[in-house]
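Working through the structure, step by step
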Amino acid sequence: MTSSTDSERRPVVSAVVVNWNMREHTLACLDSLGAAGDTPGIEVIVVDNASSDGSVEEIRARYPGVTVVANQSNRMFAGGVNDGLRRGAGSFFLILNPDVLITPATVMGLARTAEAHPHIAGVSPLLYYPDGRLQRSFFPRWPGVFQTLLFLSPASVVAWKIPFLRRRFFEFPLDTEGLLLPVEQLPGACMLVPRRAVETAGFMDEQFTLYYEDVDWCLRLRQTGLLMVDKSLSAIHYAGGSHSLKEAWLYGRFRVSLLLFFWKHHSRAAFLFLKGFFFSLVYVSRAWGRCQTVLRLRDRERLEFDRKKYDFFLNEFSARRSSFVRHTRG
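Quick look at the structure, then. (Residues numbered from 1 in each chain as written. Predicted model: local features only at pLDDT ≥ 70, side-chain atom pairs only at ≥ 80, totals over all residues. Heavy atoms only, no water.)

The relation between two aromatic rings is expressed through the spacing of the ring centres and the mutual angle of the planes. If you walk through the whole model with that rule in mind, you get 20 aromatic pairs. Ring centres 5.6 Å apart and planes at 40 degrees place the aromatic pair Phe271 and Phe324 in the tilted group. Within this pair, whereas Phe271 is found in helix 12 (residues 268–295), its partner Phe324 is found in helix 14 (residues 321–326), the two being separated by 53 residues in sequence. Note on accessibility: Phe271 and Phe324 belong to one class, buried. Members of the aromatic cluster, connected to one another through ring pairs, are Tyr251, Trp263, Phe271, Phe273, Phe277, Phe278, Phe279, Tyr283, Tyr310, Phe313, Phe317 and Phe324. (Phe/Tyr/Trp six-rings, centres within 6.5 Å; stacked < 30°, edge-to-face > 60°. Helix = DSSP H or I, 4+ residues; strand = E, 2+ residues; numbered from the N terminus. Buried < 20%, exposed > 50% of the residue type's maximum accessible area, 1.4 Å probe, protein only.)

Here it is in structure tokens:
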């Protein structure tokens, strides 16, 4: 039997922050959460994926009340989140990227929203860039073939400039009446999930080494309830704080994870089409790159970057091939 004292001590929210070499962002995130003091109702768990920047030592020194899970290897985002879910004691879990600034009042506001609406399986605040711009692209529509063709191909240069295409195939409309808005997916950067929903949907799929693990999780959470955005609440998200868009590996990691998502949740025909599309883009682009090298149409640094990102995609797909066999569909 649980005593009233145990019930009072149990946190309402377990905030899980997954860190990998993002010490300064993580410290700022913890400061925004009030982790240096006693924040009533909020338990803070930092899962460190074998950082080499002194994150663990600094966090333990500054925030003795924070639970630190120091992994000996990089378990990626899904593995880190799952480690935090196993340790958390709260009725709700708040999944946070280290580059998010969110106040305790906002955290508890999300918990009150979820508590007041038992049909909610996940809820997020609106996310803003530090300069005040709304992050519409972090509340996208469900990934589909047309979305991929428009926004993950050379056509994206044009597609992003056409508001109709963005609204129709990518960005979920946030400019609607009402403060509580049902959406198709929530950003893994900042989402609160009831414990009961996690117990039903299960943990994140660790076969996603990075990207689309949160999208896959949202699909399973949607089978237990609604995903909502509480537009009365907000947080700041720096976006991309853990890596630079100039890193070649992002191209391959993102696309291979999307292929795994299609393998799990779309038809075999859709998966094969997308796989063929990505591979054709790689081979055509590599051939065109060789022509540009001969004709000296582009600088060598850019051509070398393109070569690296295409090679990473091919190597990543080959290394992850077993994931496509291991998973069943549906």
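Don't stop here, the text continues.
Before going further, it helps to spend a moment on the packing of helix 2 (residues 23–32) against helix 3 (residues 55–62). The interhelical angle for the contact between helix 2 and helix 3, taken along N-to-C directions, is 25 degrees, at an axis separation of 10 Å. Classified by the angle between their axes, helix 2 and helix 3 sit roughly parallel to one another. Where helix 2 crosses over helix 3, the handedness of that crossing is right-handed. Here Arg23, Thr26, Leu27 and Leu30 of helix 2 come into contact with helix 3, specifically with Ser55, Glu58, Ile59 and Arg62. Within the contact of helix 2 with helix 3, the residues separate by chemical class into three nonpolar, two polar and three charged. (Axes fitted to C-alpha atoms, helices over the stretch in contact; angles between N-to-C directions. Parallel < 35°, antiparallel > 145°, perpendicular 65-115°, else oblique. Left-handed = near helix turned anticlockwise from the far one by under 90°. Contact = heavy atoms within 4.5 Å. Nonpolar A, V, L, I, M, F, W, Y, C, P; charged D, E, K, R; others polar.)

A side chain of one charge can pair with a side chain of the opposite charge when the charged atoms of the two come close. Applying the stated criterion across every chain, the model contains 17 salt bridges. With a shortest N-O distance of 2.9 Å, Arg75 and Asp83 are connected by a salt bridge. For Asp83, a relative accessible area of 12% corresponds to the buried category. Connected through salt bridges with shared partners, the residues Arg75, Asp83, Arg86 and Glu206 form a single ionic network. (Salt bridge = Lys/Arg side-chain N within 4 Å of Asp/Glu carboxyl O.)

Most of strand 2 (residues 42–49) is tucked away, with eight of its eight residues classed as buried. Residues Ile42, Val44, Val46 and Asp48 line one face of strand 2 and the alternating positions Glu43, Ile45, Val47 and Asn49 line the opposite face, and both faces are buried. Where strand 1 (residues 13–19) and strand 2 come together, seven bridges link them in parallel fashion. Paired with Ala15 across the strands is Val44, a residue of strand 2. Crossover connection from strand 1 via helix 2 to parallel strand 2: handedness right-handed. Two elements, strand 2 and strand 3 (residues 67–71), share five bridges in a ladder whose sense is parallel. Within strand 3, the residue paired with Val46 across the bridge is Val68. (Pairing = 2+ DSSP bridges. Right-handed = clockwise from strand over helix to strand, strands pointing away.)

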